[in-house]
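# Descriptive analysis of the structure
What follows is the residue order along each chain.
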There are 2 protein chains.
Amino acid sequence: MSTLVVGSVALDTVQTPFGRAEEALGGTAVYFSLAAALFGDVRMVGVVGDDFPAEAIALLEQRGIDLGGLQRRPGETFRWVGAYGDDMNTAHTLDTQLNVFETFHPTLPPHYRDARLVFLGNIDPELQLDVLEQMDAPAFTALDTMNFWIDLKKDALLDVIRRVDAVLINEGELRQLTGQYNVLSAAGRVQELGPRHVVVKRGEYGALMFSGDDVAHVPAYPTYHVRDTTGAGDSFAGGFLGYLDSCSSHQLDDLRAALVYGTVMASFTVEDFSISGLRRATPESLCERYARLAEITRIVIPEVEPDLVPEGV
Amino acid sequence: MSTLVVGSVALDTVQTPFGRAEEALGGTAVYFSLAAALFGDVRMVGVVGDDFPAEAIALLEQRGIDLGGLQRRPGETFRWVGAYGDDMNTAHTLDTQLNVFETFHPTLPPHYRDARLVFLGNIDPELQLDVLEQMDAPAFTALDTMNFWIDLKKDALLDVIRRVDAVLINEGELRQLTGQYNVLSAAGRVQELGPRHVVVKRGEYGALMFSGDDVAHVPAYPTYHVRDTTGAGDSFAGGFLGYLDSCSSHQLDDLRAALVYGTVMASFTVEDFSISGLRRATPESLCERYARLAEITRIVIPEVEPDLVPEGV
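Residues numbered from 1 in each chain as written. Chains lettered and ligands numbered in written order. Predicted model: local features only at pLDDT ≥ 70, side-chain atom pairs only at ≥ 80, totals over all residues.

## With respect to the nonpolar core
Keep this limit in mind: The term nonpolar core refers to a group of buried residues, namely Ala, Val, Leu, Ile, Met, Phe, Trp, Tyr and Cys, whose C-beta atoms join them within 7 Å. Any residue surrounded by 20 or more other C-beta atoms within 10 Å of its C-beta is treated as buried, while 12 or fewer makes it exposed and the intermediate range makes it partly exposed; C-beta atoms here are placed from the backbone. Any two residues are considered in contact once their C-beta atoms, placed from the backbone, lie within 7 Å.
Phe240 and Leu259 of chain A together with Phe240 and Leu259 of chain B are the most contacted members of the largest nonpolar core, which has 200 residues in total. With sequence-adjacent residues up to four places away left out, Leu259 of chain A is seen in contact with Val199, Ala207, Met209, Ala216, Val218 and Phe240 of chain A.

Shown next as structure tokens:
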């Protein structure tokens, strides 16, 4: 079993009320891969410049991530500079230097094409489609996107949305994409396009999943010290698809468990800058947090139902 | 068993993207009482002017609500004028006319004093304390408050917080009260003052409850048509305390069930203007929504745990 991811590989400079990271390892493909690699084989598609640190490559290889599709080009690696205030749900972008990412064109090595699951990270939807078309017949495909592509390449984005099984998207971007404020209506609009599953990421408020007619909700894992939320959504996607790749089927209960694993992965990432929090995730701590979320959300049906006044209110 | 509530009784004029209500029945004591009355006896403390509609009195009496503590004074009833944009989590106050509420001083009829539960709605904390001191020995006490009192009467507010079992508060006001942005840290600060239970109301993102060391979360009930969120928090409190009043004990599972009943009550209120949505709640629909929330939040522990890579990520 294996999961393919295409997305940014970045050096991030991030300022939050709790500290600062300078040119630290980041990007969708990195967070996703590190999270998904806990569950099985991951194949990365992306691009870095000739300044990309050898230690970062060594770390990814050590985690068993296949870098056969990670292009190394002359020039500088993609850089993102961002800041957060107290509200860590929203990043403020201060600078973006696309560098080698600007002319990135994903070409899949032949041995990548039979990957069972595919995650199309937040890149140009035309490139997302291009990756999808190079695949043999993946069992499950998902994508993420952002405001930039909704504004500039909405038609291409809608084309690729029509072809995936799942859309993982921030609440604000879901509203922007659909023009619907109500999250149920908005998710319904996306499902009408084709995807059976819509996962709405709501930062510290958790995640909602619409799967066919089913609605599932998982709150964020309770965390006292949220230091940097960069990569939380990508780690979430890595946990979500990584777990699904470990499942023989993709039934509703599998998707619901994936939603919890995604939530748990994100909770490690937000505890520290760059990938430091995520690297501290162990199989034991994952299972502990999974069980804790089950306890927090457990709804007790009262043994004795209240004697309700029949006229109603 | 019985629950006492003190709070505003109002005529609200509300504009939302989905319509408008003019001088419609509202106020904390009204929403709370109608919700709590489904579970048992409710005793209302408040004040209205001589313009308060006779039909409103008749409705409250018909629901079995004890109005022995509802003062009728010469002058006009409290009026609130507010508006909401697409984000129905936040009301914009356009006008407040305190009228008879300005000189309100709650005096409890003797037969009110043995009420088993007490809810101190969002009024001057000095009056909240005054009500508490008129009570015999309630089994469970709770309060709500708002930005105005946090700004103007923080010391009195802290005094009354120290004396109640539970604080039910909006997330933004919890942050303002404690100076802590992180919701876990903020709730912990309130618990340090005395209350064992802190219930954080997060609008469409549901509610978090901290009870001693326990953390519980219930998402908002999924609602396609949210027309007016006025009174949602007060209906929530009415469902929460009303259910607790029907319980012989107030153990953790009782509080968790109360959190669900509060959530369900709020979901009826937001479906229509004024008390129209809440009035449509029936015992059957309450139980249905309770069960639906249990299904939405059900976390499945996988039968076969994933074979996690032991080195971690």
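## Observations regarding the confidence of the model for chain A
The line we're drawing: Confidence scores labelled pLDDT are given residue by residue by the predictor and lie between 0 and 100.
Of all residues in chain A, 99% attain a pLDDT of 70 or more, and the chain-wide mean is 95. Note on the complex model: pTM 0.95, ipTM 0.93.

## Focus: the packing of helix 9 (residues 252–269) of chain B against helix 11 (residues 283–297) of chain B
Residues and elements named next belong to chain B. Stated formally: Between N-to-C directions, angles cover 0 to 180 degrees, with each direction set by a line fitted to C-alpha atoms, over the stretch in contact for helices. Secondary structure elements are defined from DSSP: runs of H or I of at least 4 residues count as helices, runs of E of at least 2 residues count as strands, and each element is numbered from the N terminus. For any helix crossing, the convention is left-handed if the near helix is rotated counterclockwise from the far helix by under a right angle, and right-handed if that rotation is clockwise. Residues are grouped as follows: Ala, Val, Leu, Ile, Met, Phe, Trp, Tyr, Cys and Pro are nonpolar; Asp, Glu, Lys and Arg are charged; all remaining types, including Gly, are polar.
At a minimum axis distance of 10 Å, the contact between helix 9 and helix 11 shows a crossing angle of 115°. Crossing angle aside, the handedness with which helix 9 passes helix 11 is right-handed. On helix 11, the residues touching Val260, Tyr261, Thr263, Val264 and Ser267 of helix 9 are Leu286, Arg289, Tyr290 and Leu293. Of the residues contributing to the contact of helix 9 with helix 11, the split by class is six nonpolar, two polar and one charged.

## Some words on the interface of chain B and chain A
At the interface, 47 residues of chain B touch 47 residues of chain A. Mapped onto the side of chain B that touches chain A, the elements with two or more residues apiece are helix 1 (28–36), helix 7 (183–193), strand 13 (214–218), helix 9, helix 10 (276–279) and helix 11 of chain B. With six residues, the top contributor of residues to the side of chain B that touches chain A is helix 11 of chain B. The residue makeup of the side of chain B that touches chain A, split by class, is 33 nonpolar, seven polar and seven charged.

## Considering the sheet that holds strand 1 (residues 2–6) of chain A
All names here are of chain A. Definition in use: A pair of strands counts as paired when DSSP detects no fewer than two bridges linking them.
The nine strands lie next to each other as 5-4-1-8-9-10-11-12-13, forming an open sheet whose pairing is mixed. Sheet topology places strand 5 (66–73) and strand 13 (214–218) at the edges, where each strand pairs with a single neighbour. Between one strand axis and the next, the sheet turns through 15° on average, direction left out of account. In this sheet, strand 11 (residues 197–201) lies alongside strand 10 (residues 166–170) in parallel orientation, the contact comprising five bridges. Each bridged residue has a counterpart across the sheet, and for Asn170 the counterpart in strand 11 is Lys201.

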